[in-house]
Structures are given as structure tokens and as C-alpha cells.
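Coordinates in review
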Amino acid sequence: MTDVRVSMDPGNLPQLPRPATEPWRAVNKSKSVKLAISAFAPALVAAAVTLLLALDPAIGVVLVYLPIQILTSVFIGRSLYGKKGQGDALLVVFTAFFSLLVGGLLLSVILSVITMGLRAMSWQFISQNNIYITPTTSLDYGGVGHAILGTVIIVGLTTLLTVPLGILVSVYLTETRSKMRNVVRTLVQAMSGLPSVVAGLFIYSAMIVGLHIGYGGWLGSLALLPLMLPTVSRVAEEALRLVPQDLRNGALALGAPAYRAFLQVTLPAARSGLVTALILGIARVIGETAPLILTVNSANGTNLDPSKPMAALPTYIFQFIANVYDSSVQRAWGAALMVLILVAVLFTAARLVSRDKRAAKRK
Amino acid sequence: MPVKRKLSTKPHSLADRVFFGLARSAAYGAVTLVGLILVFLLVRSVPTLASQGIGFVTGGTWNATLSHPILQIGPMLWGSILIALCGVVVAVPMSIAAAYFIEFMAQKRIAKIATVVIDLLAAIPSIVIGLWGLTVFTPVAAHWAQLINAGLGFIPLFGNGTANFAGSPFIAGWIVAVMIVPIITSVTREIFSQMDRDIINAALALGGSRSTSFFKVILPTASGGIVGGVLLGLGRALGETVAIYFVLNLSFDINWGDVLENRGGSVASLILNKFGEATHEEIGGLMAAGLVLFIITLLVNWVAAWIVNIAQPWRRS
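One structure accompanies this document, and this report is about it. Remember, it's a predicted structure, so these values are computed and weren't measured experimentally.

Parameters at a glance
Residues numbered from 1 in each chain as written. Chains lettered and ligands numbered in written order. Predicted model: local features only at pLDDT ≥ 70, side-chain atom pairs only at ≥ 80, totals over all residues. Heavy atoms only, no water. Helix = DSSP H or I, 4+ residues; strand = E, 2+ residues; numbered from the N terminus. Contact = heavy atoms within 4.5 Å. Areas by Shrake-Rupley, 256 points an atom, 1.4 Å probe, with all protein chains shown as cover. Lys, Arg positive; Asp, Glu negative; His and termini not counted. Charge placed at Lys NZ, Arg CZ, Asp CG, Glu CD. Phe/Tyr/Trp six-rings, centres within 6.5 Å; stacked < 30°, edge-to-face > 60°. Buried < 20%, exposed > 50% of the residue type's maximum accessible area, 1.4 Å probe, protein only. Axes fitted to C-alpha atoms, helices over the stretch in contact; angles between N-to-C directions. Left-handed = near helix turned anticlockwise from the far one by under 90°. Nonpolar A, V, L, I, M, F, W, Y, C, P; charged D, E, K, R; others polar. Expected span 1.5 Å × (residues − 1). Bend = angle between axes of the 7 residues up to and from the residue. Core = buried A, V, L, I, M, F, W, Y, C linked by side-chain atoms within 4.5 Å. Domains from an automatic or database assignment.

Attention shifts here to the overall build of chain B. Secondary structure summary: chain B contains 11 helices and 2 strands in total. Overall size of chain B, expressed as C-alpha extent along the three principal axes, is 90 × 60 × 30 Å. Summarising the internal contacts of chain B: among those between residues at least 6 apart in sequence, 74% fall at separations of at least 24. Carbon together with sulfur atoms contributes 66% to the accessible area of chain B, which is approximately 14,500 Å² in total. Across chain B, the mean location of the 19 positive side-chain charges is 18 Å away from that of the 13 negative side-chain charges.

The next subject is the environment of A:Val102. Structurally, the position occupied by A:Val102 is in helix H4 (residues 83-120). Apart from the residues lying within four places of it in its own chain, the contact partners of A:Val102 are B:Met94, B:Ile118, B:Leu121 and B:Val181.

Two aromatic rings, taken as a pair, are described by how far apart their centres are and by the angle between their planes. Under the definition given, this model contains 17 aromatic pairs over all chains. With 5.5 Å between their ring centres and 70° between their planes, A:Phe97 and A:Phe98 make a pair best called edge-to-face. A:Phe97 sits in the partly exposed class, given a relative accessible area of 25%. Judged by its relative accessible area of 21%, A:Phe98 is partly exposed. Through pairs of rings, three or more aromatic residues link up here, namely B:Tyr100, B:Phe104, B:Phe192, B:Phe214 and B:Phe215.

The next thing to look at is the packing of helix H3 (residues 57-81) of chain A against H4(A). Axes are the key here: two packed helices are described by the angle between their axes and the distance separating the axes. All names here are of chain A. Their axes nearest at 7 Å, the elements H3 and H4 cross at an angle of 145°. For the pair H3 and H4, the crossing hand works out as right-handed. In contact with Leu-66, Gln-69, Ile-70, Ser-73, Val-74, Gly-77, Arg-78 and Tyr-81 of H3, H4 contributes Lys-83, Lys-84, Gly-85, Gln-86, Ala-89, Leu-90, Val-93, Phe-94 and Phe-97. Of the residues in the contact of H3 with H4, the class split is 9 nonpolar, 5 polar and 3 charged.

All names here are of chain B. Taking 1.5 Å as the rise per residue, helix H1 (residues 14-52) with 39 residues should run 57 Å; its terminal C-alpha atoms sit 54 Å apart, in good agreement. In H1, a bend of some 45° at Ser-45 exceeds every other bend along the element, and Pro-47, a proline, comes one to four places later. Remark: Gly-53 follows H1 within two positions and exhibits a positive phi of approximately 70°.

Take helix H7 (residues 181-191) of chain A next. Buried residues dominate H7(A), accounting for 8 of its 11 residues. Listed as buried for H7(A) are A:Arg181, A:Val184, A:Arg185, A:Leu187, A:Val188, A:Gln189, A:Ala190 and A:Met191. Turning to H7(A), the residues buried within the fold contact helix H6 (145-175) and helix H9 (217-242) of chain A together with H1 and helix H11 (280-311) of chain B.

Now for the nonpolar core. Counting residues in hydrophobic clusters, the biggest one holds 186 residues, and the most contacted among them are A:Val144, A:Ile317, B:Ile124, B:Trp132 and B:Phe192. The dominant element in this core, judged by the number of residues it contributes, is helix H3 (residues 74-105) of chain B, at 16 residues. Both domains that furnish three or more residues to this core are identified here as domain 1 (29-117) and domain 2 (145-362) of chain A. For B:Phe192, the residues in contact, after removing those within four places along its chain, are B:Ile96, B:Ala99, B:Tyr100, B:Glu103, B:Phe104, B:Arg197, B:Phe214, B:Ile218, B:Ala222 and B:Ile226.

Structure below.
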């Protein structure tokens, strides 16, 4: 025993050989090798087995790959962390599997829209309208120009109606102390669950059957209103709530009436959030199809008069999917790509606007 | 001596009264809109409901050519519920896994990208999903359905007497799942992110592992919010129209649970399907169908909003 104590003197320490593994490190060489094996080996083995036995890829994934992956991960998890490594390995495998499934589905949607849509895309497809076009007409003629204009007019009108209304509702929810606020908030949010076809049916029964007004773009705008309102008012409410209460109180203490405190202090402070509300609201309704079919009908020519039937991108897609001809489905994909481009532009704009807000806050 | 000003919390100047009046009328207007939609649909559907009676939601015949048309939506109503359930069963594991991945596993930068990707999925219009579902997804899913049927066909749920695997509630359920995954994920993710990290760390410090802290701490704490998110997704799934319209074969021959068979129902798709060449009586029937659908989704959404509200105390003002 005494020998050991004597050897504590640093000068006398014997030079120990460096161990092959360094178990005290969180990630050492043997651990990373094992982790790499558990990550890649099952996929390789399963791919080899599937190819060699000429199995169906679907069977290969579910009946070969998943069992091998689970077994490998459990064994390696056990050898690395003992018993609790088993459960962790299972958790990691399932989380990764389902997350990749979500990502794969999304990727499949986006990639197929882009690849199929690009085949139809050309300047003439964007600029021309649909007069004299049948489902079998070659893609060299006709396009979605009229539908793009129709979508812009219908959604633009909806925006003009909904955004002031939505922002006023959010003002009511944040700037007043009324007891009705919770009721209003719940009801407006319940509207977000309104099936879009029912919104269309409402305008149809109220306007077209009830008042004998003919199909028209502005009825479509009205039908989109209840679908857009919950999104706008929710996002705007969050934006207004982010403005510090001290700013409002400061303005009021300086003698400003409530409306000027709002217009000159709260509104500028929440501007970027309100723009986000506007953009997200537009993105919510730009692809809505069922309400437009019920209220706007459709047109082949270019029409800028919202009191008459007009085409829109979603109804254009709807019209052309139904046909089985290749060129017709191609047109649908082309229009789908146009819709996705519009949505992507709106979302990028929303992110840029909200980033500005964060940058401004840091200063 | 200046006149004493009355102290009051009510707005006293005209401009302020106009300002708050505008806000109040907008709020009440929005509430009125919900009521108006209900009232209009109710008025238009009363004749149908009166002539069809309770059979409207329980019966399974739709024939508008008779002198006394029989309009019943039972199979459609059950089909909507069946598809929504299929969608939820598929979407819940995916959503919880994605939310767990974003909040607890991924690095900050990857988590941010994944969040944007999920939001993007929410922004894809349903007509685009329908187009994808019809041309890209249906062949793949029909193949899977065939394999499931070959392997597990002895279970009644997966039986299919015909050789046709397209247009089934199974495929429609997957399409709906693609559309509700973002909703459930974003609610779950928010619950996860607002969770008290101390209790998770405490579980780890007591010797728990990732999996035990997930199953014994994270999941029970977040379950209320997750259920609310699932119900929100269910409401969306019940009202889904165009995406299902293209991938589902509507049939008045009621399909109780053979999810792989080429027949199903959906109230929203029925409205779109019959709307074009509907007779006057049929329009009334479709209005009534819309009313039933709206009431169901409204109830589901209210319960969902209530649960989410309780589970997210930091949201209450």
C-alpha cells in the first residue's frame, strides 16, 4: 500500500502505454466505427439481399432492411451503453425512419411538380390563354396566362376585403380589455376548420341561389374570405402582442388618444409582423379550388371583369386533371408548378420580412 | 380653475370611440359570419332534412330521378370518418417523430431547415397534392396495398375480393396524412419546445435514458397538446375536398372497414362530384350534407382548440 502512495510523486510516474480505446471520451474511435456500422451496414446488406434475390423493393425495405436495422442498432446500442442503449437505439431508428418518410413524401411531391411542370413550361404557356384548346391540343399552343390573371384578381380582391377585417379583429383582441375577447378568438379560430367546399356552398346558396347573381370572380373572393380571415387575424394578433406594452403606455401617458397611439406607435412597431400575416393569408387561399368551382365557374378567354366567370390556376388544374390525355395532364402539371412558384415567392417574402424584424430588434 | 376632467377607462374622444367601435364591429362581424354560414346552410337544407328525416345520415341511397327523390349520405359520412381515421393513424407517428427529431435530436441548423420544410409542406395547395396523388402516388400505394393484402389479407381490415387496389380509403388516408402531418407536427413541436427542460434533465440525471425520458416524461407531459393537435388534423381531414376527389372512388355501397377496396366515401367530395349536374332537390341535399360536415368539423375543432388552449398555458393572455 505504501508503495502506491510514494509513486504519486509526478516525477516518478511510470509511463503507461496508451490504451487502444479511450473509454473516457464521449466519441472515441471504436464508438464512431460502431455507430457508422449501425448507420450504413444494414442498408448495404439489405440492398445486396434485395438485389441478389430480385425481391420487390417494397418488401426489401419493410421485411429485410427494417429488421436488420433494428437488430444491428439494438446490438450496437447495447454494446456501447449497456441495457439502456437498447431502448435508445429503437427510439433513434423509429424517429429517423418516420422523419425520413415525411421528408421523402415532401421531396416526391416537390420533385414531381418541378420535373413534370418544367416540361410544359414555356413563355407561351405563361402568356397565352385557353381559347380553342382541347385536351389533346399539343403543348405548343395555349397556356395559363388568363388563369394567372384570374388568380391575381380573385385573390387580390379577397386580400383587400380580408386584411383590414383581420387586422381590426386582432386589434380588438390585443388593444381592448373586453370580456368577449376569448369568445371572439375561439370562434374566429373555429372558422379555420371550415371545410373549403362549405365556404363555397355558403356563397352559392346565399348569392347565386338566393339573390340570383350569376357566377363571377368577386363571389369567389367572398367565398375565400372566411378561409383567409383566421390565418390573418391569428398571425396579426401574435405580431401585435409582441409590441411591448410599455410603448403603448408611453404614448398614452404623453397624452396621445388611443387611436393615435395605435397608428403611430403600435402599428409601425408591428409592421413586419402584419406584412407576414398578409403574405401567409394569401398563401393560404391561393391554391383553394373547391370554393372557386362552386362560385366562379371557369372561362377559356382572358377576363379582367370580376363580375363575370373567370379562370384561376386551381380550377385550371382541376379542369385538366380530369382528362386522361397526356398533353392535358402536362398542362395540369405546368399550372401546378405555377401555383407552387407563387406560393414559394410569397413564403420567401414572408421569411425575408420576418428576418428584418429580428435584425432590427438586435440593434 | 380648470374644469375637473372625469376619470374613466372608457374612450371619451370621438376619434377613439370610432377606433374602438371599428375594431369591435370587425370582431362581431367575424363572429356573425360563422353564424351566417350556419343559418344560410340551415335554411337551405331544412326542406331536404324534413322530407328525408333521420335517414339522411343513416341511409345509403342517392336517387334524384324519382318523383320523391331519396337523398341519403350515410356511406359518405362514414367514408369521411374512415378516411380521416386512416389519415390520423398514418400521420401521428410521422408527426411525433418529426417533432421529436426537430426539438431533441437535430442540430440547431438542421432543425431550422426541417421546420421550414414542414411549413412548406403545409403551404402546398390541396389540388397539387391531388394531382400528385393521382398520377405519382396512387400506382405506388396500390402496389403496397397489394402486398399488404397478399401478406395480411386474412385480417378482415385488409381483405379485398377484387384485383383493383386504386381509389381506396387506404390511399385517400395517406393523401390526407400528407396534408395533416404539418398541422400535428407544428402543434407537437411547439409543446415540446415550451416544455420545462429541468424535468427532462432530472429524468436523465436519475439514470434515465433517451427512450425512458421520452416515454415516461416527454410524452405524458405533452399528451394533452398532442391530442389537441391530432384533433385539429382530424378536422382538416374531414373537410378535405379536392385532393380526395381525385384519388377516391366514391361509392354508395357502404364500406365499413375494408380499407384496401376500391370504394369509399367522402361528404366533401360528394358535394363537388354531384354539384355540376344537380337537380333542384339534389342541391338541397348537398346543402344539408355541407351543413352536417360543417357541424362535425366545428365540433371537432372546438374540442381541439379547447384542449390545445389548456395544454398551452403560455398562450393565454
